[in-house]
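# Fold and geometry: a report
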Amino acid sequence: MSIEAQWVTTALGFDGYRITQHRGVVRGITVRSRSVFGTIGAGFQTIFGGNITMFTRLCEAAREEAFNILLVHAEEVGANAVIGVRYDAGELMQGVTEVLCYGTAVIVEQQ
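Computed from a prediction, not measured in an experiment: that's the story for all the values here. (Residues numbered from 1 in each chain as written. Predicted model: local features only at pLDDT ≥ 70, side-chain atom pairs only at ≥ 80, totals over all residues. Heavy atoms only, no water.)

### Notes on the overall build of the chain
When helices and strands are counted, the chain shows two helices and three strands. Buried positions account for 30% of the 111 residues belonging to the chain. Sequence separation of at least 24 residues holds for 73% of the intrachain contacts in the chain that already meet a minimum separation of 6. (Helix = DSSP H or I, 4+ residues; strand = E, 2+ residues; numbered from the N terminus. Buried < 20%, exposed > 50% of the residue type's maximum accessible area, 1.4 Å probe, protein only. Contact = heavy atoms within 4.5 Å.)

Okay, structure coming up:
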């Protein structure tokens with residue numbers, strides 16, 4: 001079974017579907033660090049202002065990785081959907097950040 005992104009939501013359910021089973025909290029976590037070269041490049045970008053694209057790409061990659069790990073965890077517990085999905089992030093040490101994606105694994109059926 002493979003959960004597709006369309007079956008993951010920040011809401012607490014899906015229109016036209018009912019939750020038949022709760023499989024518990026599932027999560028995906030990744031820890032990322034900035035490279036020296038990325039930090040230097042981003043430092044140059046801060047001089048000119050605007051979007052710091054190097055950090056944007058790093059953040060997006062970390063979120064995507066955490067999301068994909070969440071999907072694997074949901075599949076492992078036998079879910080076909082995940083509701084109430086949220087992200088959290090924290091700095092573990094300078095330049096090292098953890099990104100957590102979590103939600104509730106459920107089984108949904110069409111009404």
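### Quick look at the packing of aromatic side chains
Tallied over the entire structure, the rule returns two aromatic pairs. Seen from their ring centres, Trp7 and Tyr17 are 4.8 Å apart, and the 75 degrees between their planes marks the pair as edge-to-face. With Trp7 in the segment before strand 1 (17-33) and Tyr17 in strand 1, the pair connects residues that are 10 residues apart, well separated along the chain. The rings of Trp7, Phe14 and Tyr17 are connected pair by pair, giving a single aromatic cluster. (Phe/Tyr/Trp six-rings, centres within 6.5 Å; stacked < 30°, edge-to-face > 60°.)

### Structural notes on the environment of Ala81
Mapped onto the elements of the fold, Ala81 is located in strand 2 (residues 81-93). In this structure, the C-alpha to C-alpha distance between Ala81 and Val8, residues 73 residues apart in sequence, is 5.8 Å. Ignoring sequence-local partners within four residues, the contact set of Ala81 consists of Ile3, Trp7, Phe14, Thr104, Ala105, Val106 and Val108.

### Focus on the pattern of salt bridges
Evaluation of the coordinates by the stated rule reveals two salt bridges. The residue Glu109 makes a salt bridge to Arg18 at a minimum N-O spacing of 3.4 Å. Here the residue Glu109 occupies a position in strand 3 (residues 96-110), and Arg18 occupies one in strand 1, the gap between them amounting to 91 residues. By relative accessible area, Glu109 is classed as partly exposed at 37%. Measuring nitrogen to oxygen at the nearest pair gives 2.5 Å for the salt bridge that ties Arg32 to Glu65. Here the residue Arg32 occupies a position in strand 1, and Glu65 occupies one in helix 2 (residues 53-76), the gap between them amounting to 33 residues. What makes Arg32 partly exposed here is its relative accessible area of 27%. (Salt bridge = Lys/Arg side-chain N within 4 Å of Asp/Glu carboxyl O.)

### Topic: the side chain of Thr30
Mapped onto the secondary structure, Thr30 falls in strand 1. Engagement of the side chain of Thr30 in a polar contact is seen with the side chain of Glu65, the distance being 3.3 Å. Setting aside its immediate chain neighbours within four residues, Thr30 contacts Ala62, Glu65, Ala66, Thr97, Glu98 and Val99. (Polar contact = N/O pair within 3.5 Å; in protein donor to acceptor, adjacent residues only side chain to side chain.)

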